[in-house]
Amino acid sequence: EDAEIYRERKRAAQLVKAKQVFVEGRHLEAARLGLPEARFMVALNPANRFSAKEVKEIAAECSWYEGAKEAVAEAKRLHEEGKRLEAAKLGLPEAQHKVAVDLRAKEDYAASFPWTRKAAEAGHVDAQFYLGFALKTGRGCEEDKEGAAKWYARSAAQGDKFALHNLGVCYKTGKGVAEDQAMAAICYARASAAGYKVCKAYLGSVLMTAKGVKRDL
């Protein structure tokens, strides 16, 4: 009995670690630790993230890979047929995001939030932005300014102009992160360069008023 308890605790600790590395985008590492959603992501469009040699090695090494490929194929089929919820339950991030969008449109924020989080944790850039927004405003969840800034940063790292703008606001106001006018200016400049024109005004304001920020950012 003691041995069984030890194994259960070890397995639980392993899954906690797997979840952490999964959210960091280290899907293969998390998959090897046994996280089902990570295994799904490894099998989802592997050619976009691995070389042909690496894909062969994964297939040969990992007994779960073929099953994950089958789950991906089924999820894609369901999504194409408009069965978003079924596809979302199988782990398809795009379907999870769209289910969340549909629920937000109905103002059911509490039901939307878990699907937004699932898609965001899988790396969906739009879901990461919306997760940040939900945490900032408390829509469907408890307010978490630090969590909001973290998810804005992850979306911004993938080039989302709206996330770059909102992250800039976080740095300018010191909400969720330490106030940093230089970082705010950088975020605004990148958002503007990405096509979010309103950020030119925000950038100008920071450059005119903030101390210690170079005027030629």
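What you see is a predicted model; the values in this text were computed from it and never measured.

This part covers the packing of aromatic side chains. Enumeration according to the criterion identifies 5 aromatic pairs in this entry. Between Phe129 and Tyr152, the aromatic rings sit 5.8 Å apart at their centres with planes inclined by 40°, giving tilted as the arrangement. Taken together, the residues Phe129 in helix H9 (residues 125-137) and Tyr152 in helix H10 (residues 145-157) connect sequence positions 23 residues apart. According to the relative accessible area criterion, Phe129 is buried, its value standing at 13%. What links up through ring pairs into an aromatic cluster is the set Phe129, Tyr130, Tyr152, Phe162 and Tyr196. Geometry around Tyr130 places Arg104 over its ring, the cationic atom sitting 4.0 Å from the centre.

Another point: the nonpolar core. If you look at the biggest cluster of nonpolar residues, it comprises 32 residues, and the most contacted ones within it are Val42 and Trp64. Taken together, the elements giving at least two residues each to this core come down to helix H1 (2-23), helix H2 (27-32), helix H3 (36-43), helix H5 (65-80), helix H6 (84-90) and helix H7 (93-105). Discounting chain neighbours no more than four positions away, the residues touching Trp64 are Leu28, Ala31, Arg39 and Val42. Grouped together as the second largest cluster of nonpolar side chains are 29 residues, Leu131, Tyr152, Ala163 and Ala184 included.

Another aspect to go through is the layout of surface pockets. By volume, the largest pocket amounts to about 330 Å³. Contributing to the lining of the largest pocket are 20 residues, with Pro36, Glu37, Leu90, Gly91 and Gln96 lying nearest its centre. At the level of elements, H1, H3, H5, H6 and helix H8 (109-121) are the ones that each hand at least two residues to the lining of the largest pocket. Looking at the lining of the largest pocket residue by residue, the classes come out as 11 nonpolar, 3 polar and 6 charged.

Attention now goes to the packing of H3 against H5. Following both chains from N to C, one finds H3 and H5 inclined at 75°, their axes separated by 8 Å at the closest point. Taken together, the axes of H3 and H5 are roughly perpendicular relative to one another. In this structure, H3 uses Arg39, Phe40, Val42 and Ala43 to contact H5, whose residues at the interface are Tyr65, Ala68, Lys69, Ala71, Val72 and Ala75.

For H7, spanning 13 residues, the distance from its first C-alpha to its last is 18 Å, which sits close to the expected 18 Å at 1.5 Å a residue. Among the residues of H7, Pro93, Ala95, Gln96, His97, Val99, Ala100, Leu103 and Arg104 are the ones counted as buried. On its buried face, H7 sits against H3, H5, H6, H8 and H9. Where H7 terminates, the next one or two residues include Glu107, which has phi positive at roughly 60°.

Structurally, Asp160 can be placed in the loop between H10 and helix H11 (161-173). Here Asp160 is buried and forms no salt bridge, its nearest opposite-charge partner Lys161 lying at an N-O distance of 8.3 Å. Within the structure, the side chain of Asp160 is placed 3.1 Å from the backbone nitrogen of Phe162, a separation counted as a polar contact. Discounting chain neighbours no more than four positions away, the residues touching Asp160 are Val125, Asp126, Phe129 and Ser155.

Right, let's get into the state of the cysteines. The final tally for this structure, using the stated rule, is 0 disulfides. Counting only cysteine sulfurs, Cys170 is the nearest neighbor of Cys141, a cysteine outside any disulfide, at a range of 14 Å. Looking at the unpaired Cys170, the closest cysteine sulfur is the one in Cys187, lying at 8.7 Å.

At a closest axis distance of 8 Å, the pairing of H10 and H11 adopts a crossing angle of 140°. The angle between the axes of H10 and H11 places the two elements in the oblique class. Crossing of H10 against H11: the hand is left-handed. Every residue of H11 that contacts H10 at Ala149, Tyr152, Ala153, Ser155 and Ala156 is listed here: Ala163, Leu164, Asn166, Leu167 and Cys170. Considered class by class, the residues forming the contact of H10 with H11 number 8 nonpolar, 2 polar and no charged.

Calculation notes
- Counting restarts for each chain, with residues numbered from 1 along the sequence as it is written.
- Note on the predicted model: pLDDT of at least 70 is required for a residue's local features to be given, and 80 or more for side-chain atom pairs to be given and counted; whole-chain, interface and lining totals, by contrast, use all residues.
- Neither water nor hydrogens contribute to the side-chain values; these are computed over all heavy atoms in the structure.
- Ring geometry is summarised as follows: Phe, Tyr and Trp rings, the Trp one being its six-membered ring, pair when their centres sit within 6.5 Å, and such pairs are stacked at plane angles under 30 degrees, edge-to-face over 60 and tilted between the two.
- A run of H or I in DSSP counts as a helix once it spans at least four residues, and a run of E counts as a strand once it spans at least two, with each numbered from the N terminus.
- Throughout, exposure labels follow a simple rule: accessible area from a 1.4 Å probe, protein chains only, divided by the maximum for the residue type, with under 20% read as buried, over 50% as exposed, and the rest as partly exposed.
- Placement of a positive charge over a ring is assigned whenever Lys NZ or Arg CZ falls within 6 Å of the ring centre and within 35 degrees of the normal to the ring plane.
- Side-chain atoms within 4.5 Å are what join buried Ala, Val, Leu, Ile, Met, Phe, Trp, Tyr and Cys residues into a set we call a nonpolar core.
- Contacts between residues were defined by any pair of non-hydrogen atoms, one from each residue, lying within 4.5 Å.
- The distinction between a cavity and a pocket rests on a 1 Å grid over the protein atoms alone: a 1.4 Å probe fits inside a cavity but cannot get out, while a pocket stays open yet meets protein on both sides within 12 Å along at least five of seven lines, and a residue with an atom within 4 Å of a point counts as lining.
- Grid points are joined across faces, edges and corners, and a volume is the space filled by probe spheres set on the points.
- When residue character is reported, Ala, Val, Leu, Ile, Met, Phe, Trp, Tyr, Cys and Pro are called nonpolar, Asp, Glu, Lys and Arg charged, and the others, Gly included, polar.
- Comment: axis = line fitted to C-alpha atoms, over the contacting stretch for helices; angle = value between 0 and 180 degrees taken between N-to-C directions.
- The cut-offs work like this: below 35 degrees is roughly parallel, past 145 is roughly antiparallel, 65 to 115 is roughly perpendicular, and the gaps in between are oblique.
- Here the expected span of a helix is defined as 1.5 Å times the quantity of residues minus one.
- None of His or the chain ends enter the tally, which takes Lys and Arg as positive and Asp and Glu as negative.
- When a carboxyl oxygen of Asp or Glu is within 4 Å of a side-chain nitrogen of Lys or Arg, the pair counts as a salt bridge.
- Polar contacts here mean pairs of N or O atoms no more than 3.5 Å apart (in protein, one a potential hydrogen donor and the other a potential acceptor; neighbouring residues in sequence count only if both atoms are side-chain atoms).
- The disulfide definition used here is simple: a pair of cysteine sulfur atoms within 2.5 Å.
- Each crossing gets its hand from how the near helix is turned against the far one by less than a right angle, where anticlockwise is left-handed and clockwise is right-handed.

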